[in-house]
Amino acid sequence: MPDFIPERSPDGFGPAGALDALIIGAGFSGLYQLYSLRERLGLSVQVLEAGDGVGGTWYWNRYPGARCDSESYCYSYSFSDELQQEWEWTERYPEQPEIMRYLNHVADRFDLRRSIRFGTRVTAAHYDEAANLWRVTTGAGEQLTAQFLITAVGCLSSANVPNIPGLEDFAGRWYHTGEWPQEGVDFTGKRVGLVGTGSTGIQATPVIAAAAAHLTVFQRTPNFSVPARNGPLTDDFKREVKANYDEIRRKTRATTNGHPYSISERLALDVPAEERQALYEAAWAQGGLQFRATFQDLLVDKAANDTAVEFIRAKIRQIVHDPAVADILTAFDHPYAAKRPPIDTEYFETFNCNNVTLVDVRSAPIERITPQGIRTRDAEYGLDVIVFATGFDAMTGPLLRIDIRGRDGQSLKEVWDAGPRTYLGLQVAGFPNLFTITGPGSPSVLCNMPVAIEQHVDWITDCIAYMRQRGLDRIEATAEAADQWVDRVNEAADATLLPLAASSWYLGANVPGKPRVFMPYAGGMARYRRICDDVAANGYEGFAIGTPAAQATNQAMSMGGSGAGSAGPLR
Ligand code: N01
């Protein structure tokens, strides 16, 4: 039984005692979805959040050096002009505490906390077909019911701690960067081992090295990184941004990755070598993820990409004094940006410090963790602290750790046994009234996240408004539409170099046993937005939408060959 009485929606819609909508997660997505459904549609909404505060991914990822790789003024909500005018970002890239201040400000400014229950983890969500309701269970065993269930669980929120034998015997302390202690970790005088050199490890390395007696970095796959060139924002820049926010937001919505810059139209091999070098130098000096945009074909043409690889390799060799260390750092096995490219502040420079050691665990793998430290095939490294910067069970992990069951009790885990299958990354066939914000099959992690989040939240909100206006109470992606969308997601990935990174978390390759399926939609945010808009404009094409009774008729019709886009007679 719910332990509170939810407020009723003004139109009194929905079975007695049930919420109109239940949202899982109070990060960027959950906060905006709550605001949209409560303030724009006037629905009764409850957010359940496992953490003790808002922030989602940013609440948990408090590791040293945690900072956003998107530029602060665009890593923010666009839905409220008052909000964007009043908030002051201080740096080019916001540090984790600054993002937390921002999200707490948003929660207070829009009075969101009264609809959020903190410290409440959702363990199960089962669809009750007869009642057309989701029955949601929390870790404490409470049950809540809601017509719509919206997951705002983040793509990178399920920590991946590698299953290395001996961890339980380690005499020191160990941490995963994605579950960092709220009180922080004091590295003073400690011998620290850091496993993993993705974006997180690359951000954390210089900061931990500065604090610890000694840092040993265990690198399995060498990674590319470009300087972030972080720094304080000047008053002039802030004024300029605020005066031009409309145009900036228009641009972020129209670009491939949701950033405020366009990808160049130049092809890498169309320009003479000298000019290409000068362009890369300028991009390196400018810093940031924009380096990817230097040439149009970096992510689609291997020969073009090789020019970026060679440029970055040469830069690392210039920076790192010891050629043997530089060799390990530059033994790349994938095209540049085929994995999410990190950006850094003095990452490669850190390997020139006397208190830093790089260990190549590709050539000599980690064999076990001993009480004293980490033993590789070649040596044992004494450690007081181990930091796992080993990433996440991305995209599907946060959903699958909840026991989600749709029609006929079918579990999401079983339905996704061979990899995630969604329609637009928004819905799963067989799971009516369940929406997955930035779910697999949407651009999500290939995009500046707030841009992807706002697009999904707006689409879901419009969809629910559409249903309410027409007295429709159930929406479900058809299996045909989902199948076609999965094909499009695969085609979009195959048109790029992204699947060539064998160890990429985009493919699920970082988690042993996870099916290797390219999960995000790589066709670009702008194109995806158009597709979603067209689907809505065509009466939610590809979704069966109606009242439960009408929908049963539709499904029968659909099985009889009416295809995707079938709709209830009430529509
Ligand atoms: O995780 P990762 P991350 N033994 O999966 C290694 C976002 N992010 O937390 O490549 C040894 O990228 C693994 O090696 P390999 C961003 O989207 C955003 O760094 O599998 N090593 C790899 O080096 C990013 O992409 C920001 O061979 C092991 C590393 O651990 C995503 O989060 C900041 C291992 C994991 O890299 C994930 O980044 C930071 C093992 N058993 C992150 N298991 C912002 O800007 C794994 N590794 C907001």
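In the block above lies the structure referred to throughout.
Residues numbered from 1 in each chain as written. Predicted model: local features only at pLDDT ≥ 70, side-chain atom pairs only at ≥ 80, totals over all residues. Heavy atoms only, no water.

**Student:** Which residues make up the overall build of the chain, and what are the values?
**Tutor:** What the chain contains, in helices and strands, is 17 helices and 20 strands. In summary, the chain has a C-alpha radius of gyration of 24 Å against a globular reference of 25 Å for 571 residues, a match within 12%. Overall, the chain is about 70 × 55 × 50 Å in size when its C-alpha atoms are taken along their principal axes. A buried classification covers 60% of the 571 residues belonging to the chain. Sequence-distant contacts, at least 24 apart, represent 72% of the contacts inside the chain between residues at least 6 apart. Carbon and sulfur atoms form 49% of the exposed surface of the chain, whose accessible area is close to 22200 Å². A distance of 1 Å separates the average location of the 53 positive side-chain charges in the chain from that of its 69 negative side-chain charges. (Helix = DSSP H or I, 4+ residues; strand = E, 2+ residues; numbered from the N terminus. Rg over C-alpha atoms; globule rule 2.2 N^0.38 Å. Buried < 20%, exposed > 50% of the residue type's maximum accessible area, 1.4 Å probe, protein only. Contact = heavy atoms within 4.5 Å. Areas by Shrake-Rupley, 256 points an atom, 1.4 Å probe, with all protein chains shown as cover. Lys, Arg positive; Asp, Glu negative; His and termini not counted. Charge placed at Lys NZ, Arg CZ, Asp CG, Glu CD.)

**Student:** With reference to specific residues and values, describe a negative patch on the surface.
**Tutor:** Together, Asp462, Asp533, Asp534 and Glu541 give the surface a local cluster of negative charge. When you line up the elements, aspartate 534 lands in helix 16 (residues 525-537). Judged by its relative accessible area of 47%, aspartate 534 is partly exposed. (Patch = residues over 30% accessible without salt bridge, like charges linked within 9 Å, V, L, I, M, F, W, Y side chains within 5 Å. Salt bridge = Lys/Arg side-chain N within 4 Å of Asp/Glu carboxyl O.)

**Student:** Any details on the packing of aromatic side chains? Residues and values, ideally.
**Tutor:** Summed over all chains, the structure comprises 43 aromatic pairs. Here the aromatic rings of phenylalanine 224 and tyrosine 336 are separated by 5.6 Å at their centres, their planes lie at 80 degrees, and the arrangement is edge-to-face. Of the two residues, phenylalanine 224 sits in the loop between strand 9 (214-219) and strand 10 (226-227) while tyrosine 336 sits in the loop between helix 10 (323-329) and strand 11 (343-344), which places them 112 residues apart along the sequence. On the basis of relative accessibility, which here comes to 2%, the residue tyrosine 336 falls in the buried class. Three or more aromatic residues joined by ring pairs form one cluster here, namely Phe28, Tyr32, Tyr35, Trp58, Tyr75, Tyr77, Phe79, Trp87, Trp89, Tyr102 and Phe110. Arginine 62 extends its terminal NZ or CZ atom over the ring of tyrosine 59, reaching a point 5.0 Å from the ring centre. (Phe/Tyr/Trp six-rings, centres within 6.5 Å; stacked < 30°, edge-to-face > 60°. Lys NZ or Arg CZ within 6 Å of the ring centre and 35° of its normal.)

**Student:** Give me the lowdown on the environment of serine 504, citing residues and values where you can.
**Tutor:** Note on placement: serine 504 falls in the loop between helix 15 (479-494) and helix 16. The sequence separation of serine 504 and alanine 282 amounts to 222 residues, and the corresponding C-alpha distance is 28 Å. Beyond its immediate chain neighbours, meaning those up to four positions away, serine 504 contacts Ala338, Lys339, Ala509 and Asn510.

**Student:** How would you sum up the nonpolar core? Please name residues and give values.
**Tutor:** Within the largest apolar cluster, 86 residues are counted, with the highest numbers of intra-cluster contacts made by Tyr77, Leu424 and Trp459. Ranked by residue count, the leading element in this core is helix 14 (residues 449-470), at 10 residues. Apart from the residues lying within four places of it in its own chain, the contact partners of tyrosine 77 are Gly27, Phe28, Leu31, Tyr32, Leu83, Gln84, Tyr102, Leu103, Val106, Arg249 and Glu454. (Core = buried A, V, L, I, M, F, W, Y, C linked by side-chain atoms within 4.5 Å.)

**Student:** Can you explain the sheet that holds strand 14 (residues 373-376)? Please cite residues and give values.
**Tutor:** With antiparallel pairing, 3 strands are arranged side by side in an open sheet as 13-14-15. Whereas interior strands pair on both sides, the edge strands pair on one side only; in this sheet they are strand 13 (366-369) and strand 15 (380-382). Neighbour to neighbour, the strand axes of the sheet diverge by 20 degrees on average, direction disregarded. The pairing of strand 14 with strand 15 spans 3 bridges and is antiparallel. Within the sheet, the bridge partner assigned to isoleucine 374 lies in strand 15 and is tyrosine 381. (Pairing = 2+ DSSP bridges. Axes fitted to C-alpha atoms, helices over the stretch in contact; angles between N-to-C directions.)

**Student:** Just give me the short version of the site of the ligand, but keep the residues and values in it.
**Tutor:** Residues in close proximity to the ligand total 25 residues, the closest being Asp69, Thr200, Arg220, Thr221 and Lys339. Within the backbone of aspartate 69, an N or O atom sits 2.6 Å from an oxygen atom of the ligand. Here an oxygen atom of the ligand and a backbone polar atom of alanine 389 are 3.3 Å apart. When the ligand is considered free in solution it has 910 Å² of accessible area, and contact with the protein chains removes 89% of it. When residues in the shell around the ligand are grouped by element, the largest group, 3 residues, is from helix 5 (residues 199-211). A per-class count over the shell around the ligand returns 9 nonpolar, 10 polar and 6 charged. (Near = heavy atom within 4 Å. Polar contact = N/O pair within 3.5 Å; in protein donor to acceptor, adjacent residues only side chain to side chain. Nonpolar A, V, L, I, M, F, W, Y, C, P; charged D, E, K, R; others polar.)

**Student:** Break down the pattern of salt bridges for me, with residues and values.
**Tutor:** Within the structure shown, the criterion is met by 28 salt bridges. Note that arginine 67 is salt-bridged to glutamate 91, the shortest N-O span being 3.0 Å. Placement of the pair is arginine 67 in the loop between helix 2 (57-60) and helix 3 (81-86) and glutamate 91 in the loop between helix 3 and helix 4 (96-109), with a sequence separation of 24 residues. A salt bridge links arginine 117 to glutamate 142; the shortest N-O distance between them is 2.8 Å. Remark: glutamate 142 occurs in the loop between strand 5 (133-138) and strand 6 (143-151) and arginine 117 occurs in strand 3 (residues 116-117); sequence separation between them is 25 residues. Exposure remark for glutamate 142: the relative accessible area of 16% places this residue in the buried category.

**Student:** Hey, could you go over helix 14 for me, with residue numbers and the actual values?
**Tutor:** Because an α-helix completes one turn every 3.6 residues, residues spaced three or four positions apart along the sequence face the same direction. The terminal C-alpha atoms of helix 14 lie 32 Å apart, and with 22 residues this matches the ideal 32 Å at 1.5 Å per residue to within 8%. In terms of residue burial, helix 14 counts as a mostly covered element, since 17 of its 22 residues are buried. (Expected span 1.5 Å × (residues − 1).)

**Student:** How would you sum up the packing of helix 14 against helix 16? Please name residues and give values.
**Tutor:** In the contact formed by helix 14 and helix 16, the axes pass within 11 Å of each other and the chain directions differ by 0 degrees. Judged on the interaxial angle alone, helix 16 and helix 14 are roughly parallel. Residues Val451, Ala452, Gln455, His456 and Trp459 of helix 14 touch helix 16, and the partners they reach there are Met525, Tyr528, Arg529, Cys532, Val535 and Ala536. (Parallel < 35°, antiparallel > 145°, perpendicular 65-115°, else oblique.)

**Student:** Any chance you could break down the state of the cysteines for me, citing the residues and the numbers?
**Tutor:** One pass over the structure, following the stated rule, counts 0 disulfides. Not engaged in a disulfide, the cysteine cysteine 447 finds its nearest cysteine sulfur in cysteine 155; these two sulfurs lie 11 Å apart. As a non-bridged cysteine, cysteine 532 has cysteine 463 as the owner of its nearest cysteine sulfur, 11 Å distant. (Disulfide = S-S within 2.5 Å.)

**Student:** Outline unusual backbone geometry, listing residues and values.
**Tutor:** Trans is the common state for peptide bonds, and a negative phi is the common state for residues other than glycine. Backbone geometry at alanine 337 places phi at a positive 70 degrees, although glycine is not the residue there. One can find alanine 337 in the loop between helix 10 and strand 11. Judged by relative accessible area, which is 4%, alanine 337 ranks as buried. Backbone geometry at asparagine 433 places phi at a positive 60 degrees, although glycine is not the residue there. With respect to the helices, strands and loops of the structure, asparagine 433 is situated in the loop between helix 13 (412-415) and strand 18 (434-436).

**Student:** Give a detailed account of helix 9 (residues 302-319), specifying residues and quantitative values.
**Tutor:** With 18 residues, helix 9 should reach 26 Å at 1.5 Å per residue; the first-to-last C-alpha distance of 26 Å fits that figure. Residues of helix 9 that are buried: Ala304, Asn305, Thr307, Ala308, Val309, Phe311, Ile312, Lys315, Ile316 and Ile319. Of the surrounding elements, those touching the buried residues of helix 9 are strand 10, helix 8 (273-286), helix 10 and helix 11 (347-350). One side-chain oxygen at the N-terminal end of helix 9 lies 2.9 Å from the backbone nitrogen of alanine 303; it belongs to aspartate 301.

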